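Architecture at a glance
Single-letter residue listing:
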Amino acid sequence: MRLTHLVATAAIAALLSSCTANEAMDTVDVDLKKVSSKVNYQLSGKIVQKMQAMSMATTSPIMLRIFKEEGVLEVWKANASNRFEMLRQYKICAWSGKLGPKVKEGDRQAPEGFYPISPGQMNPNSSYYLAINTGFPNRFDQANGRFGTNLMIHGACSSSGCYSMTDEQMQEIFALSRDAYKGGQQAIQLQALPFRMTAENMARHRNSPNIDFWNMLKPGYDQFEITKRPPEVNICEKKYVFNQQTDGTFSPTGQCPAMSTPAVMQGALASYNKKYNEDYAKATKKLDGLVWYEPTEAERKAIVAKQRVGKELAYAPTGTSLDAGKLMKVADLEKQEARRAELEEAKKAIEIQKAELEKSTRNGAQVPVPVENPLPRPVETVSVEQATARKGFWGGLFSKGGADAQQLEPAAVAPVDTVQQPAAVATAPATVAETIQKPVEAARQVAAATEAAPVAQQVANQTPARKGFWGSLFAKGGDDARKYQPAAVTPTDTAVQQPADQKPVADTAKPAATETAKKPTEAAAQAAATTEAAPVAEQVVAEQQPKKRPFWKIWGN
């Protein structure tokens, strides 16, 4: 069985080599440096002499035929008996995509089918030197929902869904078409086919997903091969029909009318199809277990890469599918296609991720940055509130020993001890400003001072707190001094400060300190109660107010 496959492969290779060894491609006798007018260019004497030898008038009708796989564009021209003969055969410089029809805009496929080209589809002002619009989408394409624009035959040897020739070739094709219109031809038929529809080629592509579409095109190809005249083309029921006689009308999407094939054509087709069926059976037998691998556009370009050397960047020949494709065993092709599908999926995944990243970053203009921790900063909050907690003139005048000082929210962390020495009272405003600017550093200093000084000593050394105007006037020997309780976490005493010359205050403070030291449990309970009633921040504000002198002490210290 393996030997049979090898023999079949060798036979098919010989067959394909004969397909590529068609008539030699015509050399175009065009010197673009001497072309003064692209529209009015006159054909060379050499091609005119060839037409005369073939009994062709320079203005007789022409037909264009394209074979994708072979990479060939043929120009057929009517002779004196109104039968068409091939006048020119050009090598297509570039065509994009793979075998198969064009379906939608952007699929890079070049059209396949039968297209009428009118004089209005000639474009002498194309950016690709010269261009002829194929007319895609035609009525068949439209009926089947296929769409696309600007599908051309043009120069420049660069294709994105078009059939691209060299500029020299395009100049000659354009002139041949122009002369045919001058002779009265209303429309030039373009037959864009995937390959020469011989029995061998149809058998080789029998596993293609496009085989049904190609079988529909084949009668048009066959009838031209038999008659050597362009077939009459109509569309009904969303399919092509060729050389059909009818008394009704054809509608691309409607039901086909009652129609028949001319008797002469029927006889010719019967003989033709008999020979074709015999050849197809033989080719199928040779290809048993083998399938044709259709190359990608990139694979076709790779085999003609050397042709780009020294040319412009736009010059992009694509080569032929026959040279880049190959016959393979079914199992090997399945593995290769599976691998290709995996690579395509990975590529699409990368493209999707890239698109999502660009969308989220707005093309790099806005890159997400981690946000700062949303938790509050208690030390800084307390410091700022302390700076804004001062009272106005009247608030200080009628305050009752600072007991109604504005209450501030206590910090969420350990309470800050704000013990101030007598020498520091005069500089309280500066201390507050510094606390605003450096809250963290101030908090650290306060904590260090609290740890260094014992609770009893801090209570004894408290500076008398400032009273209001009437409070200072009617003070009773310091009996109304405020009692400070230790904070909830770090026990601190915030005793009310009295003027330095009032000795009973100091005497009262000492027993308080001694009692606090002796009864830590009771002091802790009092501290919790005082913390709820008057937050630490309130005490800080009350003690930081400047010391006022009673109005009756005008002289002296």
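Residues numbered from 1 in each chain as written. Predicted model: local features only at pLDDT ≥ 70, side-chain atom pairs only at ≥ 80, totals over all residues. Heavy atoms only, no water.

Let's shift gears to the state of the cysteines. Tallied over the full model, the rule gives two disulfides. Bridging Cys93 to Cys157, the disulfide has an S-S length of 1.9 Å. The sign of the S-S torsion, about -70°, decides the handedness of the disulfide formed by Cys93 and Cys157: left-handed. Remark: Cys157 occurs in the loop between β8 (152-154) and β9 (163-164) and Cys93 occurs in the loop between β3 (84-91) and β4 (94-95); sequence separation between them is 64 residues. Judged on exposure class, the residue Cys93 and its partner Cys157 are both buried. Between Cys236 and Cys256 runs a disulfide, and the two sulfur atoms are separated by 1.8 Å. Note on the Cys236 and Cys256 pair: the S-S dihedral is about 90°, so by sign convention the disulfide is right-handed. With a gap of 20 residues between them, Cys236 in strand β11 (residues 233-236) and Cys256 in the loop between β13 (245-246) and β14 (259-260) connect regions that are remote in the sequence. The pair formed by Cys236 and Cys256 is uniform in burial state, with each residue classed as buried. If you count the bonded cysteines of the protein from the N-terminus, they pair up as 1-2, 3-4. (Disulfide = S-S within 2.5 Å. Helix = DSSP H or I, 4+ residues; strand = E, 2+ residues; numbered from the N terminus. Buried < 20%, exposed > 50% of the residue type's maximum accessible area, 1.4 Å probe, protein only.)

Attention now moves to the sheet that holds β3. Strand order in the open sheet made by the five strands is β3-β2-β1-β10-β5, with mixed pairing throughout. Pairing within the sheet leaves two strands with one partner each, and these edge strands are β3 and β5 (113-117). Taken over all neighbouring pairs, the strand axes of this sheet differ in orientation by 20° on average, direction set aside. Judged from the six bridges that link them, strand β1 (residues 62-67) and strand β2 (residues 72-78) form a sheet pairing that is antiparallel. Note on β2: the bridge partner recorded for Phe67 is Val72. Packing against the sheet, helix α4 (residues 167-182) makes contact with β1, β2, β3, β5 and β10 (188-193), and its axis sits at approximately 155° to β3. Strands β1, β2, β3, β5 and β10 of the sheet are contacted by helix α6 (residues 211-227), whose axis makes an angle of about 130° with β1. (Pairing = 2+ DSSP bridges. Axes fitted to C-alpha atoms, helices over the stretch in contact; angles between N-to-C directions. Contact = heavy atoms within 4.5 Å.)

Turning our attention to the packing of α6 against helix α7 (residues 263-286). Where α6 contacts α7, the axes come no closer than 10 Å and their chain directions differ by 105°. The angle between the axes of α6 and α7 places the two elements in the roughly perpendicular class. Each of Lys218, Tyr221, Asp222, Gln223, Glu225, Ile226 and Thr227 in α6 lies in contact with α7, whose residues at this interface are Met265, Ala268, Leu269, Tyr272, Asn273 and Tyr276. For the contact of α6 with α7, the residue count by class is seven nonpolar, three polar and three charged. (Parallel < 35°, antiparallel > 145°, perpendicular 65-115°, else oblique. Nonpolar A, V, L, I, M, F, W, Y, C, P; charged D, E, K, R; others polar.)

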